[in-house]
Amino acid sequence: MPRILHITDTHLVVPPALVSGVLDTAKLFEECVATAAAALLRIGPVDAVVVTGDLSDDGSMESYELFRRIVAPLDLPLLAIPGNHDLREPMRTAFRDLDLFDQSGRLNWVRDIGGLRVIGIDTLVEGSGGGEVDDATLGFLEETLSTHGPVLLAMHHPPFMSGIRFMDGIGLAGIEKLRGVLQGSDADIRILCGHLHLSATGAAGRIPAIVGPSPCSTFQFDFRAEAPVGFFLGSGGFMVHDWSEGFRSVHIPARIGDGPFPF
Ligand SMILES: [Fe+2]
């Protein structure tokens, strides 16, 4: 059964730097990886780690090298796409040995894992918080979606409005075009995203889109016009997705309380 770990929005900076003067994101990611390593003992083999963007907070080479060092103990193939905080060229360089990205252009890729096709698309618009799926990427998607098997499609920006105003202000442009390409495919597709720093599920047309939480901070589900713009402390953990007769997605929190207690 193909199974992947889904990690997103680690926002790494090299210690002793703190994100927004508060978050030790390297330490929080180390804790997340330790939780994931423990989970692997319970949930059996996992085929890859899929990272849906904002690996780095500042796009530096050093932050990508730090990402590689922290995730290394999981000893799993790494599949990553950029988010709005990433920078394309440092990320391409830091991941060159993985043979995942082309030499130039967007950081799009496709991998087949035991009957499951995993596609990553790059929605980064450097200098902007918002994202887009450009025409070259739409073409890549159309080509790689020509399969009848199950597909996980990884992209940073969710293809739906979250209701959190400051995040929807930096949402995904061109959702209609993306929907058009997805609708032309017969595959059983699930979309995996990040960006929202919370667990949420929406859709692009008929296709479910699942947003993973961030291990470094949490955004509050607050629809009020006067909702504060900012983050809350607290690791959201990560997700596991697998496919057998159909898809299954599970959120694994960073910490749980004492237990198990007998019923
Ligand atoms: Fe983020």
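Caption draft 1: View of the coordination of the iron ion. The coordination sphere of the iron ion contains the protein donors Asp9 (OD), His11 (NE2), Asp54 (OD) and His197 (NE2), at a distance range of 2.0 to 2.4 Å. Here the iron ion is ringed by four donor atoms whose angles at the metal span 88 to 176°, and the overall shape comes out irregular. Every donor residue of the iron ion comes from the same chain, spaced as D-x1-H-x42-D-x142-H. Judged by relative accessible area, His11 falls into the buried class, the value being 6%.

Caption draft 2: View of the packing of helix H4 (residues 135-144) against helix H6 (residues 175-183). Between H4 and H6, whose axes approach to 9 Å, the crossing angle comes to 15°. Overall, the two elements H4 and H6 adopt an arrangement that is roughly parallel. Considering only the axes of H4 and H6, their crossing is right-handed. Contacts between H4 and H6 involve Asp135, Leu138, Leu141 and Glu142 from the first element and Lys177, Leu178 and Val181 from the second.

Caption draft 3: Representation of a nonpolar patch on the surface. A cluster of nonpolar residues, Val22, Phe231 and Leu233, forms a patch on the protein surface that exposes about 280 Å² of accessible area. Structurally, Val22 is set in the loop between strand S1 (3-7) and helix H1 (25-43).

Caption draft 4: Fine view of the sheet that holds strand S4 (residues 109-113). Read across the sheet, six strands follow the order S4-S5-S7-S9-S11-S10 without closing on themselves; strand pairing throughout is mixed. Sheet topology places S4 and strand S10 (200-204) at the edges, where each strand pairs with a single neighbour. In this sheet, adjacent strand axes meet at a mean angle of 25° when their direction is disregarded. Pairing between strand S5 (residues 116-120) and strand S7 (residues 150-154): four bridges, direction parallel. When the bridges of S7 are listed, Arg117 appears paired with Val151.

Caption draft 5: Quick peek at the side chain of Thr10. In this fold, Thr10 is placed in the loop between S1 and H1. We classify Thr10 as buried; its relative accessible area is 1%. Among all residues touching Thr10, those that are not within four sequence positions of it are Thr25, Phe29, Asp54, Leu55, Phe67, Pro215 and Cys216.

Caption draft 6: The arrangement of the pairing of strand S2 (residues 48-52) in detail. The element S2 is largely enclosed, with a buried count of five among its five residues. With burial as the criterion, each face of S2 is covered, one bearing Ala48, Val50 and Thr52 and the other bearing Val49 and Val51. Alignment of S1 against S2, held across four bridges, turns out to be parallel. The residue bridging Leu5 from the neighbouring strand is Val49, located in S2. Once you follow S1 into H1 and on to S2, the crossover reads as right-handed. Note that S2 and strand S3 (residues 78-81) share four bridges and pair parallel. Note on S3: the bridge partner recorded for Val50 is Leu79. Tracing the backbone out of S2, into helix H2 (residues 61-71) and back to the parallel element S3 gives a crossover that is right-handed.

Caption draft 7: The arrangement of the pattern of salt bridges in detail. With the rule as written, the count across this model stands at 15 salt bridges. Residues Arg88 and Asp122 are paired through a salt bridge, measuring 2.8 Å at the closest nitrogen-oxygen approach. In this pair, Arg88 is assigned in helix H3 (residues 88-94) and Asp122 in the loop between S5 and strand S6 (131-132), connecting sequence segments 34 residues apart. Using a relative accessible area of 0% as the deciding quantity, one classes Asp122 as buried. Measuring nitrogen to oxygen at the nearest pair gives 3.1 Å for the salt bridge that ties Asp134 to Arg106. Here Asp134 is found in the loop between S6 and H4, whereas its partner Arg106 is found in the loop between H3 and S4, with 28 residues between them in sequence. A single network of salt bridges, built from pairs that share partners, joins Arg88, Arg106, Asp122, Glu132 and Asp134.

What counts as what
- Residues numbered from 1 in each chain as written.
- Predicted model: local features only at pLDDT ≥ 70, side-chain atom pairs only at ≥ 80, totals over all residues.
- Heavy atoms only, no water.
- Donors = N, O, S within 2.8 Å, 3.2 Å for Na, K, Ca; no water.
- Tetrahedral: all angles 85-135°; square planar, octahedral: opposite > 155°, others 65-115°.
- Buried < 20%, exposed > 50% of the residue type's maximum accessible area, 1.4 Å probe, protein only.
- Axes fitted to C-alpha atoms, helices over the stretch in contact; angles between N-to-C directions.
- Helix = DSSP H or I, 4+ residues; strand = E, 2+ residues; numbered from the N terminus.
- Parallel < 35°, antiparallel > 145°, perpendicular 65-115°, else oblique.
- Left-handed = near helix turned anticlockwise from the far one by under 90°.
- Contact = heavy atoms within 4.5 Å.
- Patch = residues over 30% accessible without salt bridge, like charges linked within 9 Å, V, L, I, M, F, W, Y side chains within 5 Å.
- Areas by Shrake-Rupley, 256 points an atom, 1.4 Å probe, with all protein chains shown as cover.
- Salt bridge = Lys/Arg side-chain N within 4 Å of Asp/Glu carboxyl O.
- Pairing = 2+ DSSP bridges.
- Right-handed = clockwise from strand over helix to strand, strands pointing away.

Read these as layout, nothing more, since geometry by itself doesn't imply function.
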